[in-house]
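# Analysis of the macromolecular model
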Amino acid sequence: MMKRTNHFASQHYKARHFWFWFVPISTSIFMSIVLSLATAIDVSGGSRVGLALFTGFFAAVAFGLNFLQTKFGWSSRAEVHRSAEVELGQVAFRLDTLSKYEGQGLTSGSHSTRSRANAIRDLYRIDVYLQAMQRCTPPIPESINEVFYLLASRLKGICLKYPNAVKVRAFYEEEEPDSENPVPIDMQIDALDLLGREIENYWLFPLFLPNARDVVSRTIDIFFARPQVHPQEHHHPHHDEGIDNGSYYEEQQSHMV
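Conventions we followed
Residues numbered from 1 in each chain as written. Predicted model: local features only at pLDDT ≥ 70, side-chain atom pairs only at ≥ 80, totals over all residues. Heavy atoms only, no water. 1 Å grid on protein atoms, 1.4 Å probe; cavity = no way out; pocket = protein on both sides within 12 Å on 5 of 7 lines; lining within 4 Å. Points joined across faces, edges and corners; volume = space filled by probe spheres on them. Helix = DSSP H or I, 4+ residues; strand = E, 2+ residues; numbered from the N terminus. Nonpolar A, V, L, I, M, F, W, Y, C, P; charged D, E, K, R; others polar. Contact = heavy atoms within 4.5 Å. Axes fitted to C-alpha atoms, helices over the stretch in contact; angles between N-to-C directions. Parallel < 35°, antiparallel > 145°, perpendicular 65-115°, else oblique. Left-handed = near helix turned anticlockwise from the far one by under 90°. pLDDT = per-residue confidence, 0-100. Core = buried A, V, L, I, M, F, W, Y, C linked by side-chain atoms within 4.5 Å. Buried < 20%, exposed > 50% of the residue type's maximum accessible area, 1.4 Å probe, protein only. Phe/Tyr/Trp six-rings, centres within 6.5 Å; stacked < 30°, edge-to-face > 60°.

### Some words on the layout of surface pockets
- A volume near 890 Å³ is recorded for the largest pocket.
- Considering the residues around the largest pocket, the lining is formed by 25 residues, among which Met1, Met2, Arg4, Ala92 and Ile189 are closest to the centre.
- Within the residue set of the lining of the largest pocket, elements represented by two or more residues are helix H1 (2-41), helix H3 (74-97), helix H4 (113-136) and helix H7 (185-200).
- Ranked by residues supplied to the lining of the largest pocket, first place goes to H7 with 8 residues.
- Grouping the constituent residues of the lining of the largest pocket by class yields 13 nonpolar, 4 polar and 8 charged.

So this is what it looks like as structure tokens:
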């Protein structure tokens, strides 16, 4: 999830820097140049004074906006979040290579003692690195955090209350259910991917973000829509069950929205 939140934070700050700082500053500088040229060409005294005042006004606006741009630092934040996204992708790749030690692999199994020791060392380094990155990276905008954590909370609630929501999708059934984290990892990844697409489809994104409750509710509705059964496919007993015989759909407006 950290990789996704940094990705959207980078896009959000980059768009804000472009539309709120770069465009107004560039426009003010352009107007100052044009008015300065007009002042040099115009020969009448009255017009010259008016053009000079407007030139000074746009120059002052450009200076003030540039000062505010430096104070807010949206451009540098966008770059930091972009770097964090790339680095988290590399960490995810390294963790994927260490997945062979999952379960009892670090304490027993066919792996050599040296190999297990190296894996423990790598996991410790990754943990320290992630903690340092979290301290050095600017905080994610609250509006972005709210969207992703709200989706994770609702997924957990649905899977606890409606376990058939997992069973109805045969490709998630292989994972063992966990009372503390009932959402299968693959399901969570797919839901987060869908949420990302819904956010990107918002017409004001990335300058503004959609309402968290609205976009999460729409994502949940789409994600848990009844799977389509094609006539040529073999009948699967879960395909006709829905989610607890449709009780999720009857209650989601009162419980989820």
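Here the narrative resumes.
### Comments concerning the side chain of Thr5
- The residue Thr5 is located in helix H1 in this model.
- Apart from residues lying up to four places away in sequence, Thr5 is in contact with Ile140, Ile144, Asn145 and Phe148.

### What to know about the packing of H3 against H4
- Running from N to C, H3 and H4 point in directions that differ by 165 degrees, and their axes come no closer than 11 Å. One way to sum up the angle between H3 and H4 is to call them roughly antiparallel. The element H3 and its partner H4 pack so that their crossing is left-handed. Residues Ala84, Glu87, Leu88, Val91, Arg94 and Leu95 of H3 touch H4, and the partners they reach there are Asp122, Leu123, Ile126, Tyr129, Leu130 and Met133.
- Of the residues contributing to the contact of H3 with H4, the split by class is 9 nonpolar, no polar and 3 charged.

### A short note on empty space enclosed by the protein
- In total, this model carries 1 cavity of 30 Å³ or more according to the counting rule given.
- Size it by volume and the largest cavity reaches roughly 30 Å³.
- The wall of the largest cavity is formed by Phe8, Ser143, Ile144, Val147, Phe148, Ile199 and Leu209.
- Per-element tally for the lining of the largest cavity: the top contributor is helix H5 (residues 142-161), with 4 residues.
- Residue classes in the lining of the largest cavity are distributed as 6 nonpolar, 1 polar and no charged.

### A closer look at the confidence of the model for the protein chain
- Chain-level statistics for the protein chain give a pLDDT mean of 80 and a share of 77% at 70 or above.
- Within the protein chain, the element-level pLDDT minimum falls on helix H9 (residues 247-255), averaging 48, and the maximum on helix H8 (residues 212-223), averaging 93.
- Here residues 252-257 is a poorly scored stretch, pLDDT under 50, and it has 11 contacts once near neighbours within four places are set aside; other chains count.

### Describing the nonpolar core
- One finds Leu151, Leu195 and Ile199 to be the most contacted residues of the largest nonpolar core, which totals 27 residues.
- Taken together, the elements giving at least two residues each to this core come down to H1, H5, H7 and H8.
- For this core, the leading source of residues is H5, giving 7 residues.
- Those residues within four positions of Ile199 in sequence are excluded, and the remaining contacts are Phe8, Val147, Phe148, Phe205, Leu209, Pro210 and Val215.
- Listed in part, the 6 residues of the second largest apolar core include Trp21, Leu65, Trp74 and Ala78.

### Here we look at the side chain of Glu198
- Residue position: Glu198 is located in helix H7.
- Using a relative accessible area of 13% as the deciding quantity, one classes Glu198 as buried.
- When neighbours within four sequence positions are excluded, Glu198 is seen to be in contact with Val215, Arg218, Thr219 and Ile222.

### Some remarks on the packing of aromatic side chains
- Applying the stated criterion to the full structure yields 11 aromatic pairs.
- Look at Phe18 and Trp19: their rings are 5.1 Å apart centre to centre, the planes differ by 90 degrees, and that puts the pair in the edge-to-face class.
- Owing to a relative accessible area of 37%, Phe18 belongs among the partly exposed residues under this scheme.
- Arranged with centres 6.4 Å apart and planes meeting at 65 degrees, the rings of Phe20 and Phe208 form a pair that is edge-to-face. Taken as a pair, Phe20 in helix H1 and Phe208 in the loop between H7 and H8 lie far apart in primary sequence, 188 residues in all.
- Using a relative accessible area of 31% as the deciding quantity, one classes Phe20 as partly exposed.
- Phe208 gets classed as partly exposed once you look at its relative accessible area, which sits at 33%.
- Within the aromatic cluster, the residues linked to one another by ring pairs are Phe20, Trp21, Phe72, Trp74 and Phe208.

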